[in-house]
Amino acid sequence: ADYPEQCLITCTKYGTCPKCRRTAEDLELTTPGEMRKQKWTYGVIKNARARSGKGSRVHTISMESDVAGGKYEPFWVGFPLLDIHRSVAPDVLHQLYQGVLKHLISWVQEVMEEDELDNRIRSLAPACGVRHFENGISGLSQVTGTERKHIARILLSCLVGKIDSKGIIACRSLLHFIHLAQYPSHDEETLGYMQSELDTWHAYRSYFIQEGARDDFNIPKFHSLLHYIDSIRWFGTTDNYNTEMFERLHIDFAKEGW
């Protein structure tokens, strides 16, 4: 599921984490919060129902605990052995390429200006297996995940000499994490690489605040990176549950059918 769907099925307040209890103002912290539990979430909803009486304030009261409750019963209530929050898996397409990388590109464009980045991208020599953006990237609309993959392959080389070394290290660590997260096989050593790159990002990300590109990092998709390693241990490699393959089915079975 993408982020709005994750919030919907876990009854989580939009803008917070569907897996842990970090508030919207604490998402930038470098460690996960206390993990949400299905029993706790349903308890918040039942308590809100009791406090609201016959009124319609269930949602308002439950949102005080960052839970999106209501008078309806969540579909997972009848499955006591399920933990809906732990069932939420990483999503390479929406979280990494259409989330983290999208933000990173916009910050880089702000720091070094769009025209400068476009000029550098246009100047790159064509290479096998890498798309050549002959008009740059600032004019692209509705950028696909595949296009962002190609941008990720060339972005770092376009920053040298224009962005401070701290910014380059921050960008490099995120790009490394994105590619490490897609390994088709993992062990504790490769998961250690992921943690190392994530720690490096946390150590150098303040560069974008110093340059005025950001005021904070309370972004759910960046916070989700904290849960990747545990989810890979629990579910296996991310190619097992990447929504990219299912996005194709929207075209085949929904759009073409319509």
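Note that the coordinates shown come from a computational prediction; the quantities given were computed from them, not determined experimentally. (Residues numbered from 1 in each chain as written. Predicted model: local features only at pLDDT ≥ 70, side-chain atom pairs only at ≥ 80, totals over all residues. Heavy atoms only, no water.)

Chemist: Help me out: how do you make sense of the overall build of the chain in this one?
Modeler: Summing up its helical and strand segments, the chain has twelve helices and zero strands in all. When the helices and strands of the chain are placed in sequence order, the string is α-α-α-α-α-α-α-α-α-α-α-α. In terms of overall dimensions, the chain has C-alpha extents of about 65 × 45 × 40 Å along its principal axes. By sequence separation, contacts in the chain at least 24 residues apart represent 65% of the contacts at least 6 residues apart. Here the chain has roughly 13700 Å² of accessible surface; of this, 52% comes from carbon and sulfur atoms. Distance between charge centres in the chain, computed from 30 positive and 34 negative side chains, equals 7 Å. (Helix = DSSP H or I, 4+ residues; strand = E, 2+ residues; numbered from the N terminus. Contact = heavy atoms within 4.5 Å. Areas by Shrake-Rupley, 256 points an atom, 1.4 Å probe, with all protein chains shown as cover. Lys, Arg positive; Asp, Glu negative; His and termini not counted. Charge placed at Lys NZ, Arg CZ, Asp CG, Glu CD.)

Chemist: I keep staring at the nonpolar core and nothing clicks. Help me out?
Modeler: The tendency in soluble globular proteins is for nonpolar side chains to be buried side by side. In terms of nonpolar packing, the biggest core is built from 47 residues, with Leu101, Trp107, Met194, Trp201 and Phe208 touching the most fellow members. Elements that contribute at least two residues to this core include exactly helix H4 (92-112), helix H5 (114-123), helix H6 (145-154), helix H7 (165-180), helix H8 (188-204), helix H9 (206-210) and helix H11 (228-235). Among the elements that make up this core, the one with the highest residue count is H4 (ten residues). For leucine 101, the residues in contact, after removing those within four places along its chain, are Leu96, Arg148, Ala152, Leu155, Leu175 and Ile178. Formed by seven residues, the second largest nonpolar core is a distinct cluster that contains Val44, Ile45, Val67 and Ile84. (Core = buried A, V, L, I, M, F, W, Y, C linked by side-chain atoms within 4.5 Å. Buried < 20%, exposed > 50% of the residue type's maximum accessible area, 1.4 Å probe, protein only.)

Chemist: Help me out: how do you make sense of the packing of aromatic side chains in this one?
Modeler: In this description, an aromatic ring pair is defined by two values, namely the gap between the centres and the angle between the planes. Across all of its chains, the model carries eleven aromatic pairs by this definition. Between tryptophan 107 and phenylalanine 217, the aromatic rings sit 5.5 Å apart at their centres with planes inclined by 75 degrees, giving edge-to-face as the arrangement. Remark: phenylalanine 217 occurs in the loop between H9 and helix H10 (220-223) and tryptophan 107 occurs in helix H4; sequence separation between them is 110 residues. For the pair shown, tryptophan 107 and phenylalanine 217 are each scored as buried. Three or more aromatic residues joined by ring pairs make a cluster, and in this case those are Trp107, Trp201, Tyr207, Phe208, Phe217 and Phe222. (Phe/Tyr/Trp six-rings, centres within 6.5 Å; stacked < 30°, edge-to-face > 60°.)

Chemist: I would appreciate a short explanation of the environment of isoleucine 84 in the present structure.
Modeler: Turning to its location among the elements, isoleucine 84 is positioned in the loop between helix H3 (58-62) and H4. Isoleucine 84 sits 75 residues away from isoleucine 9 along the chain, and the two C-alpha atoms are 7.9 Å apart.

Chemist: Would you mind showing me how to read the confidence of the model for the chain here?
Modeler: Predicted coordinates in areas of low pLDDT are best not read in detail. Per-residue confidence for the chain averages 93 on the pLDDT scale, and 99% of its residues sit at or above 70. No element of the chain has a lower mean pLDDT than helix H12 (residues 244-255), which averages 77, and none a higher one than H8, which averages 98. (pLDDT = per-residue confidence, 0-100.)

Chemist: Is there a simple way to explain the pattern of salt bridges in this structure?
Modeler: Between side chains of opposite charge, a pair can form when the charged atoms approach closely. Taken as a whole and assessed by the stated rule, the structure comprises eight salt bridges. Linking glutamate 73 and arginine 49 is a salt bridge whose minimum nitrogen-to-oxygen distance equals 2.7 Å. Residue glutamate 73 is located in the loop between H3 and H4, and its partner arginine 49 is located in helix H2 (residues 38-52); the two are separated by 24 residues in the primary sequence. The partner of glutamate 64 in a salt bridge is arginine 51, with the nearest N and O atoms 3.6 Å apart. Remark: arginine 51 occurs in helix H2 and glutamate 64 occurs in the loop between H3 and H4; sequence separation between them is 13 residues. A relative accessible area of 54% means that glutamate 64 is categorised as exposed. (Salt bridge = Lys/Arg side-chain N within 4 Å of Asp/Glu carboxyl O.)

Chemist: What is the right way to look at the side chain of lysine 19 in this model?
Modeler: Summarising the element assignment, lysine 19 is placed in the loop between helix H1 (3-10) and H2. Apart from residues lying up to four places away in sequence, lysine 19 is in contact with Met35, Arg36, His85, Arg86, Val88, His227 and Ser231.

Chemist: Would you mind showing me how to read unusual backbone geometry here?
Modeler: In most cases, non-glycine residues show a negative phi, while peptide bonds are predominantly trans. Positive phi, normally seen in glycine, also occurs at cysteine 11, with a value near 55 degrees. Cysteine 11 gets classed as buried once you look at its relative accessible area, which sits at 4%. Even without being glycine, glutamate 113 reaches a positive phi, approximately 75 degrees. Secondary-structure assignment places glutamate 113 in the loop between H4 and H5. You can call glutamate 113 exposed: its relative accessible area is 55%.

Chemist: Honestly, the packing of H7 against H8 in this entry has me stumped. Any pointers?
Modeler: Axes are the key here: two packed helices are described by the angle between their axes and the distance separating the axes. Taken N-terminus to C-terminus, the directions of H7 and H8 make an angle of 150 degrees; their axes are 8 Å apart at the nearest point. Between H7 and H8, the angle falls in the class roughly antiparallel. You can see that H7 and H8 cross each other, and the crossing is left-handed. Here H7 contributes Lys166, Ile169, Ala170, Ser173, Leu174, His176, Phe177 and Leu180 to the contact with H8, which in turn contributes Tyr193, Met194, Glu197, Leu198, Thr200, Trp201 and Tyr204. Taken together, the residues that form the contact of H7 with H8 break down as ten nonpolar, three polar and two charged. (Axes fitted to C-alpha atoms, helices over the stretch in contact; angles between N-to-C directions. Parallel < 35°, antiparallel > 145°, perpendicular 65-115°, else oblique. Left-handed = near helix turned anticlockwise from the far one by under 90°. Nonpolar A, V, L, I, M, F, W, Y, C, P; charged D, E, K, R; others polar.)

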